Amino acid sequence: VAGKLKDVEKVQASNGAFAAILKDGSVVTWGNPVAGGDSREVQHELKNVKEIQSDGTAFAALRADGRVLTWGSDRLGGNSQEVQGQLTEVHHIQAAEGAFAAIRKDGSVVSWGNPLASDCSDDVQEQLRDVQQIQATRGAFAAQLADGRVVTWGNKDLGAVSRRVQIRLQ
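Rules of the game
- Residues numbered from 1 in each chain as written.
- Predicted model: local features only at pLDDT ≥ 70, side-chain atom pairs only at ≥ 80, totals over all residues.
- Heavy atoms only, no water.
- Helix = DSSP H or I, 4+ residues; strand = E, 2+ residues; numbered from the N terminus.
- Buried < 20%, exposed > 50% of the residue type's maximum accessible area, 1.4 Å probe, protein only.
- Contact = heavy atoms within 4.5 Å.
- Areas by Shrake-Rupley, 256 points an atom, 1.4 Å probe, with all protein chains shown as cover.
- Phe/Tyr/Trp six-rings, centres within 6.5 Å; stacked < 30°, edge-to-face > 60°.
- Patch = residues over 30% accessible without salt bridge, like charges linked within 9 Å, V, L, I, M, F, W, Y side chains within 5 Å.
- Salt bridge = Lys/Arg side-chain N within 4 Å of Asp/Glu carboxyl O.

A. Geometry of the overall build of the protein. When helices and strands are counted, the protein shows zero helices and twelve strands. Along the protein, helices (α) and strands (β) appear in the sequence β-β-β-β-β-β-β-β-β-β-β-β when read from the amino end. Counting every position in the protein, which comprises 170 residues, the buried fraction comes to 47%. Intrachain contacts of the protein at a sequence separation of at least 6 include 34% that bridge at least 24 residues. Carbon and sulfur atoms make up 45% of the accessible area of the protein, which totals about 9,100 Å².

B. Inspection of the packing of aromatic side chains at higher detail. Counted under the stated rule, the structure contains four aromatic pairs. Ring geometry for Phe100 versus Trp112: centroids 5.4 Å apart, planes at 25 degrees, classification stacked. Separated by twelve residues along the polypeptide, Phe100 in strand β8 (residues 99–104) and Trp112 in strand β9 (residues 109–113) bring together distant segments of the chain. Per residue, the accessibility class of Phe100 equals that of Trp112, and both read buried.

C. Main features of a nonpolar patch on the surface. Taken together, the side chains of Val1, Leu5, Val8, Val11 and Phe18 define a hydrophobic patch exposed on the protein surface, amounting to about 380 Å² of accessible area. Relative to the assigned elements, Val11 resides in strand β1 (residues 8–13). Residue Val11 is classed as exposed on the basis of its relative accessible area, which comes to 52%.

D. Unusual backbone geometry, seen in detail. Backbone geometry places Asn48, a non-glycine residue, at a positive phi of 55 degrees. Its place among the elements puts Asn48 in the loop between β3 (27–31) and β4 (49–54). One non-glycine residue, Glu89, adopts positive backbone phi at about 55 degrees. Position of Glu89 among the secondary structure elements: in the loop between β6 (68–72) and β7 (90–96). Judged by relative accessible area, which is 47%, Glu89 ranks as partly exposed.

The structure is reproduced here in structure tokens:
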């Protein structure tokens, strides 16, 4: 790996691995394979990468063409096959522990990963329109909408329940 770490633009870390974006948009990974250190399954597609996020045990890479590729722990965000068809025209990805959320260019959101951690956006999917940004705690997401409202989902003990302050978030 050391010989491949030239012209590095950005480095992202998981709980046991690293992923580096090189100036040519390719990606080099190393470390514990269970934590995303082995990207061989998607390596041939890791081109023109502009951003990488880690949820602790997996990585999600956003390519310049808006596609998202994932690798690492299958049940904790590294396997995005169920939503892969929706992971196009993405302009931002955000990681929580064990899950990811992606904002598409039309302002909609796609999330995947550990359902117990943060992949619960089905409950609020209708509200996730015109999303401007997403932030995350360890196990919950908060999406800011264009009209200034905030929508939350994920683990209720880690910030997903915003009912008590919802009036102030509108």
